[in-house]
Amino acid sequence: GLAWAQQDGNRIVTLADVAYPKALLDQPDPPVLLYAKGRIELLNSPALGIVGSRNATKQGEANALAFAEALAASGITIVSGMALGIDAAAHLGALRFPAATIAVIGTGADRIYPARNQGLARTIAEQGLIISEFTIGTPPLASNFPRRNRIIAGLGMGCLVVEAAQRSRSLITARLAA
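Values in this document were obtained by computation on a predicted structure and should not be read as measured data.

(A) How the structure looks around the overall build of the chain. Tallying secondary structure elements over the chain gives 7 helices and 7 strands in all. Of the regular secondary structure in the chain, the N- to C-terminal order runs α-β-α-β-β-α-β-α-β-α-β-α-β-α. Taking 16 Å as the expected radius of gyration for a compact globule of 178 residues, we find that the chain reaches 14 Å, a close match to that expectation. Each principal axis of the C-alpha distribution contributes one length, and for the chain these read about 45 × 30 × 30 Å. For the chain, the share of sequence-separated contacts (at least 6 apart) that also reach a separation of at least 24 residues comes to 72%. Carbon together with sulfur atoms contributes 56% to the accessible area of the chain, which is approximately 8,400 Å² in total.

(B) Structural detail: the packing of aromatic side chains. Under the counting rule described, the total for this entry stands at 2 aromatic pairs. Arranged with centres 5.8 Å apart and planes meeting at 70°, the rings of W4 and Y35 form a pair that is edge-to-face. Placement of the pair is W4 in helix 1 (residues 2–5) and Y35 in strand 2 (residues 33–38), with a sequence separation of 31 residues. Across this residue pair, the class does not change: W4 and Y35 are buried. Pairing Y113 with F145 gives two aromatic rings, centres 5.8 Å apart and planes at 50°, and the pair type is tilted.

(C) Looking closely at the pairing of strand 3 (residues 47–51). Strand 3 sits mainly inside the fold: 5 of its 5 residues count as buried. With burial as the criterion, each face of strand 3 is covered, one bearing A47, G49 and V51 and the other bearing L48 and I50. Sheet topology places strand 3 next to strand 4 (residues 77–80); 3 bridges connect them, and they run parallel. Paired with L48 across the two strands is I78, which belongs to strand 4. For the crossover from strand 3 across helix 3 (residues 58–73) to strand 4, the handedness is right-handed. Pairing of strand 3 with strand 7 (residues 159–161), which is carried by 3 bridges, proceeds in the parallel orientation. Pairing of I50 across the sheet is with L160, part of strand 7.

(D) Representation of the pattern of salt bridges within the structure. Applying the stated criterion across every chain, the model contains 7 salt bridges. For the salt bridge of D17 with R11, the shortest nitrogen-to-oxygen distance reads 3.0 Å. Look at R11 and you get partly exposed, because its relative accessible area is 32%. R147 is the salt-bridge partner of E133, the closest N and O atoms lying 3.4 Å from each other. Highlighted residues: E133 in the loop between strand 6 (129–132) and helix 6 (144–155) and R147 in helix 6, separated in sequence by 14 residues. Accessibility expressed as a relative area gives 34% for R147, which makes it partly exposed. A network of salt bridges, in which partner residues are shared, links D29, E133, R147 and R150.

(E) Representation of the sheet that holds strand 4 in the model. Pairing in this open sheet of 7 strands is mixed, and the strands run 1-2-6-5-4-3-7 from one edge to the other. Both edges of this open sheet fall to strand 1 (10–14) and strand 7, since each of them pairs with a single strand only. Averaged over all adjacent pairs, the angle separating strand axes in this sheet is 25°, with direction ignored. Where strand 1 and strand 2 come together, 5 bridges link them in antiparallel fashion. Opposite V13, over in strand 2, you have L34 as the bridge partner. Strands in contact with helix 4 (residues 86–94) are strand 3, strand 4 and strand 5 (101–104); relative to strand 3, the strand with the most contacts, it is inclined by about 140°.

Cut-offs and rules
Residues numbered from 1 in each chain as written. Predicted model: local features only at pLDDT ≥ 70, side-chain atom pairs only at ≥ 80, totals over all residues. Heavy atoms only, no water. Helix = DSSP H or I, 4+ residues; strand = E, 2+ residues; numbered from the N terminus. Rg over C-alpha atoms; globule rule 2.2 N^0.38 Å. Contact = heavy atoms within 4.5 Å. Areas by Shrake-Rupley, 256 points an atom, 1.4 Å probe, with all protein chains shown as cover. Phe/Tyr/Trp six-rings, centres within 6.5 Å; stacked < 30°, edge-to-face > 60°. Buried < 20%, exposed > 50% of the residue type's maximum accessible area, 1.4 Å probe, protein only. Pairing = 2+ DSSP bridges. Right-handed = clockwise from strand over helix to strand, strands pointing away. Salt bridge = Lys/Arg side-chain N within 4 Å of Asp/Glu carboxyl O. Axes fitted to C-alpha atoms, helices over the stretch in contact; angles between N-to-C directions.

Next comes the structure, spelled out in structure tokens:
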């Protein structure tokens, strides 16, 4: 973890750190620390979660992109989980604006999952922020993704579900935000 934190653009943020997101301090179970890569100042910017299906329709992806663009253009940072489908579209829509995007990932901050999002992750690290509460080297374990969702919900003023199945994790994230 310490070697990772010494690389350019990487930082470990603790509960006692002034950069720690104030919105997460109101949660019953805030992460003790966050591994952050990119623009740390985004942690305390006005934000909104955008989530939805990994197997999104083209229309769903277009809607997520359009919502993210409009919100980011008005100064809202878009928070999502860097999954395929709606998440990726939301991140892409926000990246054209200074408010940019935060990707909350369910692996260690040194890993990118899914692998197809390598390019997106590089762009987010340069123009936005990637965060994880999981230690460096943590693989993509199924149990990590619901934990990650509470951070997506907690960072934002709310959560927009663009497209999701009835028993989707996206709806759990929206309930956490409520």
